[in-house]
Amino acid sequence: EPFLAAGQQPPAIAQALEALANLTRASRTRQEAAAVYQVVPHLVRLAQPQAQGGSPEAGMGLRERAIPMLCTMAHSTTRGRAALMAPSDGASVFLNLLLETPYQALALDALAAWLAAGEAARRLEARLATRETAQRLTALLAPLVVPPRGAGG
C-alpha cells in the first residue's frame with residue numbers, strides 16, 4: 001500500500017511527504033514524475049481540512065506539508081498541471097485555500113503560474129469564471145486596493 005494512502009499511520013505519511021518534498025523541491029522533472037505516479041490525489045486529500053471531508057491525518061501537521069507541495073505542482077510541467085485538473089481537482093483546493101489567510105499567497109501564486117503556462121489555462125479559466133470564484137478573488141484583493149486621492153471623502 002502506498003505510504004500516502006489513507007489508513008497509513010501519520011508518522012509514515014510524514015516521512016513519505018518529507019522524502020517526496022526533498023526529491024521534488026528543485027526538480028520539475030521529479031515533480032512531473034510524482035504527478036504521473038498519482039501523488040496528486042493523495043496531496044489533495046491531505047490538503048483538505050478535516051471539516052471538509054479531508055483526512056483525519058490533516059490535523060496532525062500533514063496538511064501543512066502537503067499544501068506547499070501541491071501548490072508547487074502548478075509550477076511544474078504540462079503533465080504535472082494536467083494531474084492537478086482531473087480527477088483530483090487541485091483547482092478546487094487552490095480556490096478553497098484563497099479563503100485561508102496562511103495559504104492565500106501560495107494558492108494565488110499557484111493559480112497564476114497555472115494560468116501563465118497557457119496549455120491548460122482554458123480549462124482553469126472556466127473554473128475561475130464562476131460567480132463564487134470572482135467573489136473570493138474580489139474579497140481577497142479588495143483590501144489591497146488603494147482608493148485614488150480625493151475619492152471617498
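Look a little higher up for the structure.
Peer 1: So what about the packing of helix H6 (residues 90-97) against helix H8 (residues 121-128)? Which residues, and what values?
Peer 2: When two helices pack together, their arrangement is given by the angle between their axes and by how far apart the axes lie. Closest axis-to-axis distance for the H6/H8 pair is 11 Å, and the angle between their directions is 45°. The angle between H6 and H8 places the two elements in the oblique class. Once H6 is placed against H8, the crossing between them reads as right-handed. Listed contacts from H8 to Ala91, Ser92 and Leu95 of H6 are Leu124, Arg127 and Leu128.

Peer 1: Quick rundown of the pattern of salt bridges? Include the residues and the values.
Peer 2: It is possible for side chains bearing opposite charge to pair when their charged atoms get close. Taken as a whole and judged by the stated rule, the model has 4 salt bridges. Here Glu32 and Arg79 are joined by a salt bridge, their closest N and O atoms 3.2 Å apart. Residue Glu32 is located in helix H2 (residues 28-36), and its partner Arg79 is located in helix H5 (residues 78-85); the two are separated by 47 residues in the primary sequence. Close ionic contact of Arg127 with Asp89 constitutes a salt bridge, the shortest N to O distance being 2.6 Å. Placement of the pair is Arg127 in helix H8 and Asp89 in the loop between H5 and H6, with a sequence separation of 38 residues. The class of Arg127 is partly exposed, set by a relative accessible area of 27%. You can call Asp89 partly exposed: its relative accessible area is 27%.

Peer 1: I'd like a rundown of the nonpolar core, residues and numbers included.
Peer 2: Counting 38 residues, the largest nonpolar core has Val40, Leu70 and Phe94 as the members making the most contacts within it. Every element with two or more residues in this core is listed here: helix H1 (10-24), H2, helix H3 (40-47), helix H4 (62-73), H5, H6, helix H7 (104-117) and H8. Counting residues per element, this core draws most heavily on H4, at 7 residues. If we skip the residues at most four places from it in the chain, Leu70 touches Val40, Leu43, Val44, Ala47, Leu84, Val93 and Phe94.

Peer 1: With reference to specific residues and values, describe H5.
Peer 2: For H5, the full list of buried residues reads Gly80, Arg81, Ala83, Leu84 and Met85. Where H5 is buried, its residues contact H2, H3, H4, H6, H7 and H8.

Peer 1: Just give me the short version of H1, but keep the residues and values in it.
Peer 2: With 15 residues, H1 should cover 21 Å at 1.5 Å per step; its first-to-last C-alpha distance of 21 Å lies within 8% of that length. Turning to H1, its buried residues number three or more, namely Pro10, Ile13, Ala14, Ala16, Leu17, Leu20, Ala21 and Thr24. Down the axis, H1 shows its buried residues gathered within 165° of arc, on one side only. Exposed positions of H1 whose direction lies more than 90 degrees from the buried face are Pro11 and Gln15. Packed against the buried residues of H1 are H2, H3 and H4.

Criteria and thresholds
- Residues numbered from 1 in each chain as written.
- Predicted model: local features only at pLDDT ≥ 70, side-chain atom pairs only at ≥ 80, totals over all residues.
- Heavy atoms only, no water.
- Axes fitted to C-alpha atoms, helices over the stretch in contact; angles between N-to-C directions.
- Helix = DSSP H or I, 4+ residues; strand = E, 2+ residues; numbered from the N terminus.
- Parallel < 35°, antiparallel > 145°, perpendicular 65-115°, else oblique.
- Left-handed = near helix turned anticlockwise from the far one by under 90°.
- Contact = heavy atoms within 4.5 Å.
- Salt bridge = Lys/Arg side-chain N within 4 Å of Asp/Glu carboxyl O.
- Buried < 20%, exposed > 50% of the residue type's maximum accessible area, 1.4 Å probe, protein only.
- Core = buried A, V, L, I, M, F, W, Y, C linked by side-chain atoms within 4.5 Å.
- Expected span 1.5 Å × (residues − 1).
- Arc of directions from axis to C-beta.

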